[in-house]
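Single-letter residue listing:
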Amino acid sequence: LPMGVEEFRVAASGPAQAWSHCTIRNLEGGGIVADTRLLDEHGRELAAARGLSLVRFGGSATQSIDELLYRVVWEEARPPTTNQQRPGRWWILADASGVGERIAGELARSDAELTLVFAENSFEELGPGRFAIDPARRADFDRLAGELRREDAPPPRVAFLWGLDVDPPEEATEAWLERAGILTTEAVLQLCQAVRATGGTMPERFALVTRAAQRMDSDAGALQVLQAPLWGLGRAMRMEEPELGCICIDLGAEASDTEIRALAGELLGEQQEDMIALRDDRRYVARLVQAGLGDEQHEGEAAELALPATESYRLESSKPGDLGALCFRPQRRTSPPEGALEIEVVAAGLNFRDILNAMGLYPGGPIPYGGECAGRVSAVGASVDGLEVGDEVIAIAPASFARYALTSVELVAKKPPELSFEQAATIPVVFLTAHYGLNELARMQRGERVLIHAAAGGVGLAAVQLAHRAGAEVFATAGSPEKREFLHALGVHWVGDSRSLDFADQILEETRGRGVDIVLNSLRGEAIARSLATLGAHGRFVEIGRTDIYQNRQIGLLPFRNNLSYFAIDLEKVCRERAGRVQAMLSELMRDFREGVLQPLPSRTFHASEIVEAFRHMARRRNVGKIVIAMQPRQVEPTCAQGTTIRSDGSYLITGGCGGIGLALAQWLAEQGAGAIALLGRTGASPEGRQRLDGLGTAGVRVEVLQADVADAAALEAALGEIRRRLPPLRGVFHAAGILENGLLRDLTVTQMRSVAGPKVRGGWNLHRATRGDRLDHFVLFSSAAAAIGAARQGNYAAANAFLPALARHRRASGLPALAVDFGAWAQVGMAVAPGVEQFLKACGNLLMPPRRALAALERLLRSSEVETVVADFDWPRVVATAGAGRCTGLLSSLAASVEQSEATGGSDSRRSELAGQILTLEGSERLAAICEGVRRELARLTGLALSDIDPSLPLPALGLDSLMVLELKERLESTLGVRLGFDKLVEDPTIHDLGLVLLDGLSAREG
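Residues numbered from 1 in each chain as written. Predicted model: local features only at pLDDT ≥ 70, side-chain atom pairs only at ≥ 80, totals over all residues. Heavy atoms only, no water.

Caption draft 1: Structural context of the confidence of the model for the protein. Mean pLDDT for the protein: 83, with 83% of residues reaching 70 or above. Confidence, expressed as mean pLDDT per element, reaches its minimum in the protein at strand 2 (residues 16-19) with 29 and its maximum at strand 10 (residues 130-133) with 98. Note on residues 1-63: pLDDT under 50 across the span, and 133 contacts to partners over four residues away in sequence or across chains. Here residues 635-643 is modelled with pLDDT under 50, and outside its nearest four sequence neighbours on either side it reaches 16 contacts, counting other chains as well. (pLDDT = per-residue confidence, 0-100. Helix = DSSP H or I, 4+ residues; strand = E, 2+ residues; numbered from the N terminus. Contact = heavy atoms within 4.5 Å.)

Caption draft 2: Focus on helix 5 (residues 229-240). An ideal rise of 1.5 Å per residue puts 16 Å on twelve residues; helix 5 measures up with 16 Å between its terminal C-alpha atoms. With eleven of twelve residues buried, helix 5 is to be regarded as a mostly interior element. Buried within helix 5 are the following residues: Pro229, Leu230, Trp231, Gly232, Leu233, Gly234, Arg235, Ala236, Met237, Arg238 and Glu240. (Expected span 1.5 Å × (residues − 1). Buried < 20%, exposed > 50% of the residue type's maximum accessible area, 1.4 Å probe, protein only.)

Caption draft 3: Spatial organisation of the side chain of glutamate 543. On the secondary structure map, glutamate 543 appears in strand 27 (residues 535-543). Arginine 524 provides the closest opposite charge to the buried, unpaired glutamate 543, separated from it by 9.2 Å. Aside from chain neighbours lying at most four places away, what touches glutamate 543 is Asn521, Ser522, Leu523, Ile528, Ile549, Tyr566, Phe567, Ala568 and Ile569. (Lys, Arg positive; Asp, Glu negative; His and termini not counted. Salt bridge = Lys/Arg side-chain N within 4 Å of Asp/Glu carboxyl O.)

Caption draft 4: The pattern of salt bridges, seen in detail. Taken as a whole, this structure holds 47 salt bridges when the rule is applied. Arginine 333 is paired through a salt bridge with glutamate 311; the nearest N and O atoms lie 3.0 Å apart. Pair noted here: arginine 333 is in the loop between strand 17 (326-330) and strand 18 (340-350) and glutamate 311 is in the loop between strand 15 (282-290) and strand 16 (313-317), with a separation of 22 residues, a long-range link. Looking at arginine 333, the relative accessible area reads 25%, which means it is partly exposed. The partner of arginine 852 in a salt bridge is glutamate 671, with the nearest N and O atoms 2.3 Å apart. Of this pair, arginine 852 sits in helix 25 (residues 851-862) while glutamate 671 sits in helix 18 (residues 660-672); the two residues are 181 residues apart in sequence, bridging distant segments of the chain.

Caption draft 5: Molecular detail of the state of the cysteines. Scanning the model with the defined rule gives zero disulfides in all. With no disulfide partner, cysteine 246 has as its closest neighbouring cysteine sulfur the one in cysteine 248, 5.0 Å distant. Classification of cysteine 246 by relative accessible area gives buried; the value is 2%. (Disulfide = S-S within 2.5 Å.)

Caption draft 6: Seen up close, the sheet that holds strand 23 (residues 449-452). With parallel pairing, the six strands of this open sheet are ordered in space as 25-24-23-26-27-28. With partners counted over all chains shown, the strands left at the sheet margins are strand 25 (494-497) and strand 28 (565-568), one partner each. Strand after strand, the sheet turns through a mean of 15 degrees between neighbouring axes, direction not considered. Pairing analysis gives five bridges linking strand 26 (residues 516-521) to strand 27, with the strands arranged parallel. Residue valine 516 lies in a different strand from strand 27, and its bridge partner there is leucine 535. Strand contacts of helix 12 (residues 503-510): strand 23, strand 24 (473-478), strand 25 and strand 26, with the helix running at about 160 degrees to strand 25, the strand carrying the most contacts. (Pairing = 2+ DSSP bridges. Axes fitted to C-alpha atoms, helices over the stretch in contact; angles between N-to-C directions.)

Caption draft 7: The arrangement of helix 4 (residues 174-197) in detail. In helix 4, a bend of some 45 degrees at glutamate 186 exceeds every other bend along the element. Among the 24 residues that make up helix 4, 17 are buried, leaving the element largely enclosed by the rest of the structure. Where helix 4 ends, the next residue or the one after it, glycine 199, has phi of about 80 degrees, a positive value. (Bend = angle between axes of the 7 residues up to and from the residue.)

Below is the structure:
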């Protein structure tokens, strides 16, 4: 056998199936697909000799969380057009290193009127057009504004270069941190306020010039992180006071003559950019784009999910409606409560409710994934008798697509030793449902006729066994010829087509009008009325479907004149409300399995890493019997995509830890498996916060609350000393401390600037210096989207947060771990929950992210190589609409252009893909061909078929799509092309060519 394959089995209905630690799949029409990574040369030869297909598959499922991720990229661009007609008058706040004077020399060539201002210890007029002022004194700025005020002069233009005097980062002491704030953001604020206070004309351009504050790919020197806050302030100025025309320009470390000439051109040019970097003769401009961290899988490949390298994990989804959004997340084990026990899950059964749940269609959902399992008892709660650790059991257990699951002891039975775990996992839900419906409710008797719909499925096959055991005559329906043939082979008396309503007339004809005594129904719509018509007098109708019930659909009562009974089963409610009865039924069923009266169902096993493919296989309704998920790790544990996991033997420091975001982060770290968590804050936890922390402690996480101001270096060192003495080794730092003091730039005080900068700038720098000797896996800086794109009324906050991404890049360049996340507003916790803030943010297009969604994005980033990413939920049409003309140029121009083009062509999706853009550049038949090719590729990803096997002339059902997969296809195509696709177009069984024509019409309509 090929390496890693334990056994082959032959299914009664046809081609081979395989269960193994190697990835093996059964294809429609025969043949086996094996992961070639696990096959040696002998295995390849053997497979080829047997005519088996070999493909490589793998990769991770793309996450819908990508739509929240953005990054700033630098694009090379041409210089601006210079306006020589109006050189204007310039105020140059010149640095001590001479760059300002060199710029003045270049501007003097254009006959500009120049005033140079130097940062010194006191106010002094140094000569014509030259001043010195104390940057720490507001009175000096007022005097300077008064001296420069001229009623008849054109508005001034400002080139601010004082930030160039800030020292390199590793030389920065606390005193220099204070000096850096004075020379940068505080000086800009005081200058603007002084000009306004003295009644002078406000500048018409305000250029903030830095040196090596931004990192280009070609840069090799140190990053000047203390100049970075100017960029955050500049973005806020552009947002809040667009009349200032604020731009940020970064020079290279050496500020070459070529760059000085280029800088003069930027100052004199007709400027459309707001973020510019000059490196010798190259000019770069910044653009905010979607990060797109999702890995593209190859056509025909099935997505494999990595299992977290943590003690426990469970299946979750980041986006209902997209099977590709399924993922395993770390889950902390908790002690079972009284009357419950914990099961180490070996195998779990997949049910159609899980498919509906994943597609966002489950009535009353979403709910945890998985409802039944087989495994070993790993822990027991109080008052549990008859079961102990190590017992092999089967169970009804919520959230059982997990390494460990908790459930009530009344829903557990010992596994018959004759059954494997995979066989046992086929039993609980289907046999309990069939037994409860047919025996407990319908009181099935020997000689009665029983109609079992969808009888080749799990419940259907269990019902067939129970009916045969009772001596009943079975009538059945199934959805494919292969399934109907399989049922015939099991001895079913009569088998019809579940996809046709003809079964009713056929059954009445077969029974000479007497009909059946019991219907076990899972069909929907008109099939219910037709099934009722098959019931004879005193018949019983057992409903196990839920869709029509939750949609409150009506049925005619006329058939009930024959003394009919109607039972609707919700096994979940039975388990919750009549657990004792479930225990008795389980015991009865286990006795029958031990005695061989009942047999486990035919099944197909997928490994947990293949669970997306398992969901899709069931969604296509191709399975006969049960689909089982093997939940134990493979013999060789898959490694994480990138990055390092959270460690159970490590400690994690959260600054701002007692705030809303800090507590949510602590909960998340506990779920990831953190051994100990230290929460640092200026104040202790609130009573509500203390209650949440007590819950973490009860769950087995060691939690310490330390009171200290992260902006105080000595206090921070003392707190870190406590952590190092009392807790496991420090493995991660999460800097989430922050203060918000909103206000317009014209009203902000220096005190407010310093107060907000304290935890971000001082705190971030203190953490960096104090933990350089620790062997950290993670150093995560919680920055703000305000720093990346600007925010009105938050100029101080934007400036302070802009320091953090620069610090992250500085650390990375020094070989230290670092990640800066520019978070948008969080819902429920954090600063955006203040009265009126949420409404203001929404009005500006900044939607609030639920904490779980924001933390899911953080998890993605921790496993990536990103150093700075914006994580925010933007309503881009609203952002563009509220920003106004001229404010969505530069950094936001690419995203704004997509919105404007979409609105101009009648569309609503501002995130059209590259494919849509390419199609609109084509002509005639080329457009249709490109669309059809795009649809084929989406179908390849959805179905797992090779691209070459997808015939554009075949209708979608012939490619294996059912209604659930059609919904997923609809969502993908709408997202990809930005075209609304009516569901009616998809249920008419179109070919790819037909679908292409519909999509082409939609795109053409948008183009106008």
